[in-house]
Each structure stands twice: as structure tokens, then as C-alpha cells.
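Listed here are the chains, written in short residue letters.
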Amino acid sequence: MRGLLVLSALLVAVFAKENFVGHQVLRVFAVDEAQVEKVKELEDLEHLQLDFWRGPTRPGVPIDVHVPFLSLQSVKVFLESHGIKYLAMIEDVQSLLDEEQEQMFAFQTRARSTESFNYATYHTLEEIYDFMDLLVAENPNLVSKIQIGSSYEGRPIYVLKFSTGGRNRPAFWIDTGIHSREWVTQASGVWFAKKIVEDYGKEEGLTAFLNDMDIFLEIVTNPDGFAFTHSKNRLWRKTRSITPGSSCVGVDPNRNWDSGFGLPGASSSPCSETYHGRYANSEVEVKAIVDFVKAHGNIKGFVSIHSYSQLLLYPFGYKTDPARDQNELDQLAKSAVTALSSLYGTKYKYGSIIHTIYQASGGTIDWTYEQGIKYSFTFELRDTGRYGFLLPASQIVPTATETWLALQVIMDYTRNHLY
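Residues numbered from 1 in each chain as written. Predicted model: local features only at pLDDT ≥ 70, side-chain atom pairs only at ≥ 80, totals over all residues. Heavy atoms only, no water.

Asker: Quick one: what's the story with helix α8 (residues 223-231), residue by residue and with numbers?
Answerer: A large share of α8 lies buried, amounting to 8 of its 9 residues. Contact partners of the buried residues in α8: α4 (93-106), α5 (125-138), β6 (156-162), α6 (183-199) and α9 (284-296). (Buried < 20%, exposed > 50% of the residue type's maximum accessible area, 1.4 Å probe, protein only. Helix = DSSP H or I, 4+ residues; strand = E, 2+ residues; numbered from the N terminus. Contact = heavy atoms within 4.5 Å.)

Rendered as C-alpha cells:
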């Protein structure tokens, strides 16, 4: 009977969602500037409906592009005609989505405590919000839930505060899921929350940290987009706001901050995945964080977590000028990456955003750094493209566990170098 219920639920979910049968993710190898420019031409062909998971930047840097079935032949002919090599990283996107859904339904149960909560599967927005309530109820002297705003569609935006007392103490901020399709980030955020309450009073480093500083953790930074990835389009990235005069929905919330806003490294087209919005902080999800950070005034470390590519990045993204603390940030990034790699051997690169990946304007950590938060970093979690945004649930806990080692290095350093 349970098997029939799972099957019926799965069928309802599948038929309600956008279908990606026959879609592929191609890894493209541009070996010189001319080939990079040719691939950039594809970005401008909106009728092909291409979704660049990793866009064209410089020769030798892999490009990952999600290609709809109806555009596959055109794209492959274009690449081949210009001598640009490629391979299919994901042969059929829908088959991965089907496996992901089956796994979710197989383990779908309502947790009665954070002990019985399944950290090794992906969860809906409602399940994550229920988890937060359980965590607060179980740890009232350590954890509280703050609503910092409401999303465009009216969903509450919650932040968990971990504190041992005191007013307006120095604080460390972590957010996950600003890009809604990056599911391993929200899942890691849930794991981090449980790890913090488990380790306080037992693990020396975290206990010392929370005795001196607070932690703010925003697990679902883009709740509308995240809900949409579950209800309609698993690969949705942006917010869900309406742009007047356009049929295209949403803004890239990591191009919407008031730091290099609207410069190269973001798009002015509402249909682009990197659309920066009509003005800085136009997205209520971004404005909620901006207002909170400014009102708090004592946040000393800020980490925004994305996927994928296995990178640890620091400012700047919108300009080539080095951050005034570049040497310190670089050494700290090196230490954090070393700690992360010590567990499973996962290899990370590190550096400034613009020199390590690409120019990106209006980004989170450029803004926080320019607000005076010296220790501002962005993670790009697993993997390097085999699964991309569709990382199997079996990798959630290993990803979160290794990332926590790096976070601890950054947190401990911040506590020991307050400014």
C-alpha cells in the first residue's frame, strides 16, 4: 500500500513540474579567446533557452551549459562548426531529477525531533521551517528564530540566532540558498544548525566561540525561489518578483546588492539568469539582510554559501582592485581550504571572485566587505560539474561536514582577530 501511495505522489509531482526529458548539460572547452567569444554568442541567443551553469570566462576554464532537447542539435552543430570541443556531463537531466524525487519520497516522514530528522535527504521549505521550530523548542537557551522580513510572495524570511546571552555581541553571519536551485546549500545549512547545538558545551572551539560571539544562520535566503524549485522548476535560480513590462520573472539576488550594481558582470535583461533588477536592493529578500546587517552594526564575519565548483572566494567580484585585506583574506582562505580537504581530500581553489571565476557585480560579499565586515567569504560547494546543481542526496552530509571544518577555521580566526 505504501508503495502505491509513494508512486501516486510521485506521479502528481512529476506531472505538475517542468519536464527536462532529453535535456543535456554540456561541458564546453574553449581553448582560446576566439572560442570564448563564440560561446558568448550563444548566451545572447535567447530562443535557444540555454542556461549557463558555468558561463564563458577565459580560455581553459570549463563552461557548463544546460541545453533543452529542442536546441541540442543547433548548439552541437554550432560548437562543432567552430572547432570547439564538448562532452555531455549529464546525458539526461530528467533522469537525475526522477532519481532525486524518488529518494525524497522514499524518506519523506514528519520528524518529531531534530534527532529523528533526516539530514541525508533534501527537504521542502515547510519541512525546513518545521525543523527550525523543533530546534528552537529543544534548545530555548541557545537558539531563537527571528523573522527579518517577508519574501515577494509573502513567505516569512527567518534567521536562526545562536547566542549564550548579552546584547549586540560581535556576530558571525552564514547564509545558504540565495540561489534557490543550489539545494545542497540549504541542506548543509540545516546540518550546520544541528551541529552547532550538538557541539556547544562539548567541542572546545565552538563553545569558546559562542561564549564570546553570536551566530546568525539564514538557511533559506530565497524562500519563493526555493518553493518554486519544489513545485514547478527544479532548476529555478532567481527570486520570483515581477518586472514591469517583462514576461520574464525574477532577479538574481546575488547581483542585486549595492556594490558595483549594474556594472559588467550582471545583466540588464529581465530574462537573463544574472538579471540585476531595476535598482540595488530592489529584492525584498536582499533588502531584509541589508537592513538587518546595518541595524545590528557588529557583524564581524559574513559567509554566503553557494554551489557548485568547489571554491572559497573573497572580494572583489565587480572590480580587479585587490581588497585592502587581500593578503590576510588569502591566507585565511588557504587555511580554511586545507582544513576542508583534510576530511575526504576534496580539492578547493581559492582567491578573489574576479580572478578566480569571473566578474560579478552587485554581489553579497562585495557589499558586506564595503560595509566594513572584513571577513567576508563565499563558498561554492561540491561538485565540479559531474552533477552540478543536482548533487545526489548521498553527498549532503559529507559536503556539510567538510564545509563545517572550513567554517570553523574562519569563525575561530574572526573571534581571535576582532576589530
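Asker: Any chance you could break down the layout of surface pockets for me, citing the residues and the numbers?
Answerer: With a probe scaled to a water molecule rolled over the atoms, the places where space remains empty come into view. What the second largest pocket holds in volume is close to 210 Å³. Lining the second largest pocket are 13 residues, with T109, R110, A111, F117 and D130 positioned closest to its centre. Taken together, the residues of the lining of the second largest pocket sort by class into 5 nonpolar, 5 polar and 3 charged. (1 Å grid on protein atoms, 1.4 Å probe; cavity = no way out; pocket = protein on both sides within 12 Å on 5 of 7 lines; lining within 4 Å. Points joined across faces, edges and corners; volume = space filled by probe spheres on them. Nonpolar A, V, L, I, M, F, W, Y, C, P; charged D, E, K, R; others polar.)

Asker: Describe the packing of α6 against helix α13 (residues 396-416), listing the residues and the values that go with them.
Answerer: The N-to-C vectors of α6 and α13 enclose an angle of 60°; their axes lie 9 Å apart at closest approach. Here α6 lies oblique to α13, going by the angle between them. For the pair α6 and α13, the crossing hand works out as right-handed. Here α6 contributes V184, A187, S188, W191, F192, K195, I196 and D199 to the contact with α13, which in turn contributes I396, V397, T399, A400, T401, T403, W404 and L407. Residues that form the contact of α6 with α13 fall into these classes: 10 nonpolar, 4 polar and 2 charged. (Axes fitted to C-alpha atoms, helices over the stretch in contact; angles between N-to-C directions. Parallel < 35°, antiparallel > 145°, perpendicular 65-115°, else oblique. Left-handed = near helix turned anticlockwise from the far one by under 90°.)

Asker: Any details on the sheet that holds strand β12 (residues 375-381)? Residues and values, ideally.
Answerer: Overall, mixed pairing links the 8 strands, which are arranged β5-β6-β8-β7-β9-β12-β10-β11 in an open sheet. Whereas interior strands pair on both sides, the edge strands pair on one side only; in this sheet they are β5 (143-150) and β11 (349-352). Across the sheet, the mean angle from the axis of one strand to that of its neighbour is 20°, orientation sign disregarded. Judged from the 7 bridges that link them, β5 and β6 form a sheet pairing that is antiparallel. Note that in β6 the partner of V143 across the bridge is F162. Its contacts with the sheet put α5 on β5 and β6, and the angle it makes with β6 is roughly 30°. (Pairing = 2+ DSSP bridges.)

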